[in-house]
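Chains, contacts and geometry: an overview
Here are the chains, one letter per residue:
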Amino acid sequence: MTLVLRGVAKDYGVTRVLDGIDLSMEPGEFVCVVGASGSGKSTLLSLVAGLTPASAGSISLGGAPVTGPGPERGLVFQSGALFPFLTVAENVAFGLRLLPISRADRERRVRWYLGEVGLSSLAGALPRQLSGGQRQRVAIARALACEPAVLLLDEPFGALDVQTKEDMQLFLREVWRDTGTTVLMVTHDVEEAVLLAQRVLVFACGPGRVAAEVPIDLPAYRALAVKRTSSFLGLRATVEDLVRSHMLTPEREKV
Ligand SMILES: Nc1ncnc2c1ncn2[C@@H]1O[C@H](COP(=O)(O)OP(=O)(O)OP(=O)(O)O)[C@@H](O)[C@H]1O
């Protein structure tokens, strides 16, 4: 399903925080959004998730307008936000209760996606018994279990240590290739964006908008060693420079 945003804007009170967002994502694409704090990156995800309505413009998925949350769009936040009193398997099964599928199919999906994120042996554990990386894996499995056309990720690895973060980045690329789901991911981390995405959108502030788009023409298979190649370092520098040059609000730029 193609995700299309046309002229999307968002106002909070009298403040326009996003303006003129045009974006089209083909099925199976991986796009990362980077940019200054407050440039509206999370707001963009909330709009696509249907958690809040756009003030102008249109958002559609597979030709159908987005008017609220739906199982075809899975959302994962930085904190994972698991239900603390449900086991890992129950957390993964949670969203499936809303889908018109049989109990056997539900159980099959929970088993499959727990296997996919490497947590089958922890199916009966509670979230507090898991590490931060394991909790994020459960959150991703929970979103994937609904087999969404689009996976929306908001800084999913922002709270993890460097080593765990790298493991999760490689894991996410694998899951993306296995499932063919479309991924729209917000991150502060330019290196992460260049490692994961097929193209990177750079947001600017005041109001939030797409200031630049950088295609990431690295090989489809990316091991961590790709980070040491000259093409990776060049792309990272390009995106970093763009982020920096669009950090200032127009008012500050005049000073
Ligand atoms: N519910 C809300 N009510 C009022 N203003 C809001 C609300 N949510 C976000 N904003 C404002 O909208 C702007 C964009 O916020 P948003 O969280 O989308 O930015 P961001 O780029 O994701 O920032 P960060 O990188 O710091 O997470 C900010 O100025 C923020 O204060």
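The paragraphs below set out a description of the structure included in this document. (Residues numbered from 1 in each chain as written. Predicted model: local features only at pLDDT ≥ 70, side-chain atom pairs only at ≥ 80, totals over all residues.)

1. With respect to the overall build of the protein
A count of helices and strands for the protein gives 8 helices and 10 strands. The C-alpha atoms of the protein give 18 Å as radius of gyration, which agrees with the globular expectation for 255 residues (18 Å, within 12%). Counting only C-alpha atoms and orienting by the principal axes, one finds that the protein spans roughly 60 × 45 × 30 Å. Taken across its 255 residues, the protein has 39% of its residues classed as buried. Contacts in the protein between residues far apart in sequence, at least 24 positions, make up 71% of those at least 6 positions apart. (Helix = DSSP H or I, 4+ residues; strand = E, 2+ residues; numbered from the N terminus. Rg over C-alpha atoms; globule rule 2.2 N^0.38 Å. Buried ≥ 20, exposed ≤ 12 C-beta atoms within 10 Å, placed from the backbone. Contact = placed C-beta atoms within 7 Å.)

2. Brief notes about helix H3 (residues 103-116)
One turn of the α-helix equals 3.6 residues, which is why residues spaced by three or four share an orientation. Here H3 spans 20 Å end to end across 14 residues, near enough to the 20 Å set by a 1.5 Å rise per residue. For H3, the complete set of buried residues consists of Arg109, Val110, Tyr113 and Leu114. Seen from one end, H3 has its buried residues packed into an arc of 125°, which puts them on one side. When the buried face of H3 is taken as reference, the exposed residues oriented beyond 90 degrees from it are Ala104, Asp105, Arg108 and Gly115. Looking at the buried positions of H3, the neighbouring elements they touch are helix H2 (88-93) and helix H4 (132-145). Immediately beyond the C-terminal end of H3, within one or two residues, lies glycine 118, with a positive phi of roughly 70°. (Expected span 1.5 Å × (residues − 1). Arc of directions from axis to C-beta.)

3. Concerning unusual backbone geometry
Of the consecutive residues glycine 206 and proline 207, the connecting peptide bond is found in the cis state with omega at -10°. Position of proline 207 among the secondary structure elements: in the loop between strand S9 (199-204) and strand S10 (209-215).

4. Things to note about the packing of H4 against helix H5 (residues 162-179)
Look at H4 against H5: their axes get within 11 Å of each other, and the N-to-C directions meet at 15°. Taken together, H4 and H5 sit at an angle that is classed as roughly parallel. Two packed elements cross with a definite hand, and for H4 against H5 that hand is right-handed. For the pair formed by H4 and H5, the contact residues are Gly132, Gly133, Gln136, Ile140 and Leu144 on the first element and Thr164, Asp167, Met168, Val175 and Thr179 on the second. A class-by-class count of the residues in the contact of H4 with H5 yields 4 nonpolar, 5 polar and 1 charged. (Axes fitted to C-alpha atoms, helices over the stretch in contact; angles between N-to-C directions. Parallel < 35°, antiparallel > 145°, perpendicular 65-115°, else oblique. Left-handed = near helix turned anticlockwise from the far one by under 90°. Nonpolar A, V, L, I, M, F, W, Y, C, P; charged D, E, K, R; others polar.)

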